[in-house]
Amino acid sequence: MKPYLIVVLIILTHFQSFSQRAPQYDLKDFVNQGWSIDECGFDPDAEAIVLYKESAYDLILTSSNFSIRTKHTRIVKVLNEKGFEEANLSVRFNPFKLTETVKIDKAIVYNIDENGKVTEQVIAKENIFTSKENNYRATMKVAAPNIQVGSIVHYEYTVNTPYFRNHYYQENIPILKSVMRSSFEQAFQVDLANHIHKNFKRINSSKGGREEYYVEVDSIFGLKEEPYGDNFYIYVQRSMLVPRSYNHGPDLTPKLAQVLGNYLDDDNFGRKLKANINNDHEVQRVFSKMTDLKDSYSKAKFLYEYVRDNYIMTEDGDLYFETTLSNILSKKKGKQVEIAALYYRLLQKAGLKPTLVLATTNDEPTLDLAWPSISNFSTLMIKVEIDGKTYYNNPVFGFVPFDLPPRDVLNTAGLEIISAASKNATYQIVSIESNNQKNLNNINVVAKMDENGIIDGRAIYFHADYGKINAHSLYVKDSSNYYKTFEQTGSMEIKDIRFESDSTNASLARTYFNFKQPTLLQDQFLMVPTNYFSGFTKNPFTAELRKTAVYFSAPVQTRVNFVIEVDPKWEIENVPQNIKLLMHDKSISYTRRVFHENNRLNIQLDISILKHMYELSEYEDFYEFWKMLFEKLNEQIVFKQKA
């Protein structure tokens, strides 16, 4: 996968450009139009539809700085009961560090009765409330009352912020018309970057010393999450305004070096990070246990596991401190950035040379370096190089061994801070990759089929690398239902399940269980699947068209060795052939070998996926191969009762 920390596509084609004034719409027309819409023609499964969406940007200048005032409009219609939640409004903002403000200007619910009479209800102030997420972020929510199928809700609200927010043409529900407009003094230089996949209208105009941009997109389908689509947000269609300079004042565009420098000099990060922890009792106690550790790898691994296994993350949050390193050491808990920072300082004390890496997880929006902000990042990773290998860690990611980068940031890009010079830090872009680890699962199954066609057996799973992390996470999340991960049919009984994992061993975990499969007899024939417990029993890629790339996060390797002894009452009627399938680029392979002698069968499967990501341009071939793969995986051994 290509690192996608920085993705800005300035599209100069596929639009209509006019030297005319941008249109102004009567918003009542969209409400009236909405009464005749019961289903979205281009997205028929939609539970709601946005009739009109607009972001109108304006610039408020002071002698030395500026702020952005954005007026938002959103008119949405509820199409069925599943769409009731879409009638509400939720706006995240930072009223603390960035002094952002949100003001609801209009909030009305429209309903129509069976006689065609329209009623409107102004949403009361009691239905508008703000909840504080942490010391930096809050969410304003509007709960729309009296919502029913067919309701239309009209919102207008204003956001004041010190930076440009993107306008998103796409949501999880379809949008009939989405508009971005802006108006600035011509002396203020602004670039427009569009990430739009279809035809759109763009108008640039000048009037009265002001420069105006207008972009309009119609009939945008809802972008919902798809199987193995963890990189969902990089596909959302959007526009971004990037200010460059102001002719009558200083250059107002922040430079990344300055942003990082300010971050490293911030009271709530850089200065707290520099706190002296050498005399802390807990630090001295931990280092007293390291006297026998001589090499750098052992020291780094010990400190990582100490922090991972002894500290609790209270919240994910942003990348600023809310307490001190001393408090974290004494209370054994903190935000993810605070715990990662503690690990960083312990590595420094141990004589290693870690660096800070600002990152985003692989399901988040991307960052444009033209308008950088620390708020665009969500995760602080710690990089340490030992004996020619690079390790990326943050101890808050549970069950992750020292040797593996967390799957949430795997194959993304980060900004590594090279030097911490105040106001002018240096950095480099790094790709957060594993050291060739995969999602590995080896499965051994031994079973017997009795004269009634009932199969009793025992399975042992060997989970390695990311396979271990996945299994460990599922087990800890809900151990009582862990067995459901392995059920092949609704009638199968899984019992005596046991999971074993050495948290200090990066390579292996095991799952053991016994199982019983009631007879699958049809007439005189018994059908036994060849893909028992492979994890490849149901094809997740049944849609011919896809809107996001297929993302496995890591290469996959699954091997199954299935041995079954069959009661002499049964004879083999048909055995699937040995086969090897290869995708045209050889990135996916499937091998099946079947051995049988007398009443004993041995089925061996090997499924290998070498790439962690398949782009949209590859999906047609991927889809066809995956369909053929599951046709072969679902082939069965047929037994017949002896006469």
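A quick note: this is a predicted structure, and the numbers were derived from the prediction, not measured.

## Focus on the side chain of N394
Next up, step 1: If you trace the backbone, N394 turns up in the loop between strand 20 (389-393) and strand 21 (412-419).
Next up, step 2: Judged by its relative accessible area of 0%, N394 is buried.
Next up, step 3: From its side chain, N394 meets the backbone oxygen of L380 in a polar contact 2.7 Å long.
Next up, step 4: The residues touching N394, leaving out its near neighbours within four places in the chain, are Y304, Q336, A340, T379, L380 and M381.

## Some details on the side chain of R238
Next up, step 1: Looking at where R238 falls in the secondary structure, it is placed in strand 15 (residues 238-246).
Next up, step 2: Side-chain polar atoms of R238 contact the backbone oxygen of V236, separated by 2.6 Å.

## Topic: the pairing of strand 24 (residues 455-465)
Next up, step 1: Direction of pairing for strand 23 (residues 439-449) relative to strand 24: antiparallel, over a ladder of eleven bridges. By the bridge assignment, M449 is partnered in strand 24 with I455.
Next up, step 2: The antiparallel hairpin formed by strand 23 and strand 24 contains five residues in its connecting segment, where G453 sits at a positive phi of about 85 degrees.
Next up, step 3: With nine bridges joining them, strand 24 and strand 26 (residues 509-517) adopt antiparallel strand pairing. Note that in strand 26 the partner of H463 across the bridge is A509.

## Notes on the nonpolar core
Next up, step 1: One finds F269, L303, L346, L356 and L380 to be the most contacted residues of the largest nonpolar core, which totals 63 residues.
Next up, step 2: Filtering out sequence-adjacent residues up to four positions away, F269 remains in contact with Y263, L264, L319, F321, V337, L356 and L380.
Next up, step 3: With 53 residues, the next largest nonpolar core counts F562, M583, I609 and F622 among its residues.

## A look at unusual backbone geometry
In terms of backbone geometry, most residues other than glycine have negative phi values and most peptide bonds are trans.
Next up, step 1: You will see that K332, though not glycine, has its phi angle at about 60 degrees, which is positive.
Next up, step 2: With relative accessibility at 22%, the residue K332 sits in the partly exposed group.
Next up, step 3: Positive phi outside glycine occurs at F533, with the angle close to 65 degrees.
Next up, step 4: Along the polypeptide, F533 turns up in the loop between strand 28 (525-529) and strand 29 (550-551).
Next up, step 5: Look at F533 and you get buried, because its relative accessible area is 0%.

## Here's the deal with helix 9 (residues 619-633)
Next up, step 1: With 15 residues, helix 9 ought to run about 21 Å at 1.5 Å a step, and its terminal C-alpha atoms sit 20 Å apart, in line with that.
Next up, step 2: If you check which residues of helix 9 are buried, you get Y619, F622, Y623, F625, W626, L629, F630 and L633.
Next up, step 3: Looking at the buried positions of helix 9, the neighbouring elements they touch are strand 29, strand 32 (579-582), strand 33 (588-597), strand 34 (600-609) and strand 35 (613-614).

## Section: the packing of helix 4 (residues 281-288) against helix 5 (residues 296-310)
Next up, step 1: Across the interface, helix 4 lies against helix 5 with an axial gap of 11 Å and an inter-helix angle of 135 degrees. One way to sum up the angle between helix 4 and helix 5 is to call them oblique. In this structure, helix 4 crosses over helix 5, and the sense of that crossing is right-handed. Seen from helix 4, the contacting residues are E282, R285, V286 and F287; seen from helix 5, they are F302, L303 and Y306.
Next up, step 2: For the contact of helix 4 with helix 5, the class distribution of residues is five nonpolar, no polar and two charged.

## Points about the packing of helix 5 against helix 7 (residues 336-349)
Next up, step 1: Packing of helix 5 against helix 7 leaves a shortest axis separation of 10 Å and a crossing angle of 150 degrees. As judged from the angle between their axes, helix 5 and helix 7 are roughly antiparallel. Helix-helix and strand crossings are classified by hand; for helix 5 and helix 7 the assignment is right-handed. Note on element contacts: helix 7 touches helix 5 through I339, Y343, L346 and L347, opposite A300, L303, Y304, Y306 and V307.
Next up, step 2: Classifying every residue of the contact of helix 5 with helix 7 by side-chain character gives nine nonpolar, no polar and no charged.

What counts and how
- Residues numbered from 1 in each chain as written.
- Predicted model: local features only at pLDDT ≥ 70, side-chain atom pairs only at ≥ 80, totals over all residues.
- Heavy atoms only, no water.
- Helix = DSSP H or I, 4+ residues; strand = E, 2+ residues; numbered from the N terminus.
- Buried < 20%, exposed > 50% of the residue type's maximum accessible area, 1.4 Å probe, protein only.
- Polar contact = N/O pair within 3.5 Å; in protein donor to acceptor, adjacent residues only side chain to side chain.
- Contact = heavy atoms within 4.5 Å.
- Pairing = 2+ DSSP bridges.
- Core = buried A, V, L, I, M, F, W, Y, C linked by side-chain atoms within 4.5 Å.
- Expected span 1.5 Å × (residues − 1).
- Axes fitted to C-alpha atoms, helices over the stretch in contact; angles between N-to-C directions.
- Parallel < 35°, antiparallel > 145°, perpendicular 65-115°, else oblique.
- Left-handed = near helix turned anticlockwise from the far one by under 90°.
- Nonpolar A, V, L, I, M, F, W, Y, C, P; charged D, E, K, R; others polar.

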